[in-house]
Amino acid sequence: MTAKQEEKAFTDFWSVQTPFTAISTIESLKLWIGSNPWFSHCDTSTWFDVDTQQLDKLQLEYQAQWFKLCSKLMTREAFTFDDARFKAKEWSDPMYGAVAALYLMNCTFLQETVKLLKIDDPKAQRRLDYLLEQTLAAAAPSNFLFTNPEAIDKMVQTQGASLFSGMLHWMDDVKAGVLRQSDKDDFQVGVDLAVTPGTVIFQNEMLQLIQYAPSTDTQYKIPLLVVPPCINKYYIMDLRPKNSLIKYMVEQGHQVFLISWRNMDISMAETSWDDYLQKGVIAAMSVVRSISGVHDINTLGFCVGGTLLTQALAVLAARGDTPPNSLTLLTSFLDFMDTGPIDVYVDEQTVNYHEVTVGGKAGHYGIFRGEDMANTFSILRPNELWWNYNVDKYLKGEKPRAFDILFWNNDSSNLPGKMYSYYLRHGYLQNDFKSGEMQMCGVTMDYHNVTAPAYIYASRKDHIVPWESAYASTAILPGQKRFVLGASGHIAGVINPPADNKRSYWTNDKLVKKAQDWINKATEHTGSWWPDWAQWQAQYGGEKIPAVTKAGSPAFPPIEPAPGSYVMRSAT
C-alpha cells in the first residue's frame, strides 16, 4: 500500500466513526432490553432514571479518551494491548490498532453505562451483564476477517489456503453440532486416554462397572467406588497416565471401582432420576459390596456424580442401611444456592420448555443432546472457550493444539429428557433437594441422614459449581468434614497431578458458617491437593491385604477389558 493509499484508508475509516453519546446509549439500551423476552416480566420503567451527574462524568471521560485515540491515530503511533485478542504484533499497526482500541473503549463505556442503571432485580442484572458480555465478545474486530490483521496476513502468506482450511474446520464442526476445541483424531479412548488397566465386571442398561487392576503388592481392604458425572464421559478421571486421578488412586493402594455411565439414546428417554439412583449408584454399590465382601465401602463423587452419590446414600439411610465408610465430593452441588453463570438460563419458562419438549409433560419423552450442553458451557466463557477457537480455526485455518481435557470436553453424553428436566427443576430452579422432604425411590431423601465422614473439595474459579456453593455442603452433612479449596476451575482444578507441582490449594480445619470467613483464615499450600486427599482417605481404607489381582467374582465374572464399550458410544 502506498503512502497516499494508506492515508486515504485512514481517512475513510475515521470518517464513519462516531463516538458514543450517553443519551443515545441509554435510548439504545431501552430498546434492546424492551425487546428481549428475558426482561418481559420486569418493570423496567425506573431502570433508566440515571443520575445525570454520573452520566455527564462518564461522557466527559469517554470524550477525553476519544480525542486521545484520534491524536494517536493521526501521529501513526504504534498500539500495544494487554487483551489477549490483540497482543499479536499485527495489531500494533495504527490502522488495526485503532480499530481494536476503539472497540475496547466502547466496551468499557457500555459496561460503565449499564452499571448506572437502577435495576432492583438481581437476576435481571445478571442476565443483562451476561447478554452484554456475549454481545461485546461477539462484536470484537478479531472475529471478522477484514478487521483481523493476523487472519489477513495468514491468508496472504498461504495464498488463501488458510481460508480453505478454515472452511473445512467449520464444515466439520457444523456436522458434529459442536465447536470442537480439540481435533477428533488427536486422541483415541483406550489407546491414549482411559488406559489404566481394569476390567468391566458388571453392566446393566444404565452403566458398566469397572474394577481396576492393582499396581501395588498390597491394597486397603475397604474398596473405593467412584461415581463420575453422567453429563460427560468418565475418563476425565482417567486421562493420560501422567494426569490420571484413577491411576493415582490405584497407586495409593486403593481397590478402585468406577461407574462408566451409558450415553443415552432415544430408547432410554424415559429414564428417571430415580433410575440413576437405584439402577445406577445403588446397583453399583451392591456389586462392589458383593465382590469385596465389605459392606461399608468408601465412596467418591465428582460434579453431578457427587449429587447422585449423596442422594443414593440418603435413600439407603432411609431404608435402614448403614452409612459408607467415607464420602468424598469433588466440585459437587448439594445446595444449589448459587449456580454461577448458568443461572441466567434457568427460569420457570425455560424449565417448563424442557419438560414439555423432552421431559414428558406433553406426553413426549426425548433426549437432551450432549452437544447442546457442551456448547452452553463453552459460551459461558466466550473469549476463552468460544470466539478464540472461531478465530484460530475458521479465520486462520489452524488446527487446535492437542489437549486431552478439551478432547474430553467435546466427547459429550446425552441425557434422558425425563431425568434432565427433573434435575433442572429440583436442583437449579427450586433448590429443594436439600429440603429433606423429597420423595426418591419410594422413601424420603434427607441429606442429614448421610453421617459418613466427608472430604469436600471445590475449585476457587469454578464457573459451573461456585466454590461457595460447594462449601455450603459443610452445613448440610452432619458427620466429620474436611473442606479443601483448590486453585483454577471446575476441571483443571480437580485434574492437577502432584508431579506437575502446579497451582495451589487452601486448607482451614475450622469450619465456620460463611465461606468467605473460612478462606480469610485459610492456609495456602503450593502444588496439588491430591496428596492431602490421599492422606485423609488412607485412614478409612482399613487394614492392608494382599492385592486383589483377580477381577470380579463367580457372581460377577469379567465381561470385557477397561475402558469398556459404553464409553465408546458417541453422542451423535
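Residues numbered from 1 in each chain as written. Predicted model: local features only at pLDDT ≥ 70, side-chain atom pairs only at ≥ 80, totals over all residues. Heavy atoms only, no water.

### Considerations on unusual backbone geometry
Excluding glycine, most residues fall at negative phi; most peptide bonds, likewise, are trans. Cis rather than trans, the peptide bond between Ala562 and Pro563 has omega equal to 10°. One non-glycine residue, Thr331, adopts positive backbone phi at about 40°. Position of Thr331 relative to the elements: it lies in the loop between strand 7 (326-330) and helix 11 (348-357). We note that Asn431 has phi near 50°; this positive angle belongs to a residue other than glycine. Within the secondary structure layout, Asn431 lies in the loop between helix 16 (417-429) and strand 10 (438-440). (Helix = DSSP H or I, 4+ residues; strand = E, 2+ residues; numbered from the N terminus.)

### Let's talk about the domain arrangement of the protein chain
When the domains of the protein chain are assigned, the result is domain 1 (10-159) and domain 2 (198-369 + 412-568). Between the C-alpha centres of domain 1 and domain 2 there is a distance of 42 Å. Taken together, the five residues of domain 1 in the interface contact five residues of domain 2. Regarding the contact of domain 1 and domain 2, the summed buried area is about 590 Å², with carbon and sulfur atoms giving 42% of it. Three residues, Lys123, Arg127 and Tyr130, lead the burial of domain 1 against domain 2; their summed loss comes to 66% of the area buried on that side. Taking the shortest distance from any N to any O, the salt bridge between Arg126 and Asp343 comes out at 2.7 Å. Inspection of the domain 1/domain 2 interface yields six residue pairs in polar contact (both at pLDDT 80 or more). Here the residues of the side of domain 1 that touches domain 2 are counted per class, giving two nonpolar, no polar and three charged. (Domains from an automatic or database assignment. Contact = heavy atoms within 4.5 Å. Buried area = accessible area lost by both parts, 1.4 Å probe. Salt bridge = Lys/Arg side-chain N within 4 Å of Asp/Glu carboxyl O. Polar contact = N/O pair within 3.5 Å; in protein donor to acceptor, adjacent residues only side chain to side chain. Nonpolar A, V, L, I, M, F, W, Y, C, P; charged D, E, K, R; others polar.)

### A word on the UniProt feature "domain: Poly-beta-hydroxybutyrate polymerase N-terminal" (unreviewed entry) in the protein chain
As annotated in UniProt, the feature "domain: Poly-beta-hydroxybutyrate polymerase N-terminal" (unreviewed entry) corresponds to residues 83-249 in the numbering used here. For residues 83-249, the helix share is 42%, the strand share is 11%, and the end-to-end C-alpha distance is 40 Å. (UniProt positions renumbered as here; feature names shortened; annotations may be inferred.)

### Here we look at the pattern of salt bridges
On inspection of all chains with the given rule, the structure shows 28 salt bridges. Between Arg425 and Glu348 there is a salt bridge, with the nearest N and O atoms lying 2.8 Å from each other. Pair noted here: Arg425 is in helix 16 and Glu348 is in helix 11, with a separation of 77 residues, a long-range link. On the basis of relative accessible area, Glu348 is assigned to the partly exposed category, the value being 42%. Residue Lys361 is joined to Glu355 by a salt bridge in which the shortest nitrogen-to-oxygen separation is 3.7 Å. Overall, Glu355 belongs to the buried group, its relative accessible area being 11%. What you see here is one network of salt bridges that share partners, running through Glu348, Glu355, Lys361 and Arg425. (Buried < 20%, exposed > 50% of the residue type's maximum accessible area, 1.4 Å probe, protein only.)

### Some details on a nonpolar patch on the surface
Together, Phe164, Met167, Leu168, Trp170, Met171 and Val174 give the surface a local cluster of nonpolar side chains, amounting to about 630 Å² of exposed area. Within the element layout of this structure, Met171 appears in helix 7 (residues 161-176). (Patch = residues over 30% accessible without salt bridge, like charges linked within 9 Å, V, L, I, M, F, W, Y side chains within 5 Å. Areas by Shrake-Rupley, 256 points an atom, 1.4 Å probe, with all protein chains shown as cover.)

### Re the environment of Ser326
Among the structural elements, Ser326 can be located in strand 7. Each C-alpha atom, one on Ser326 and one on Pro561, is 28 Å from the other, the two residues being 235 residues apart in sequence. Apart from residues lying up to four places away in sequence, Ser326 is in contact with Ile297, Asn298, Thr299, Ala452, Pro453, Trp536, Gln537 and Tyr540.

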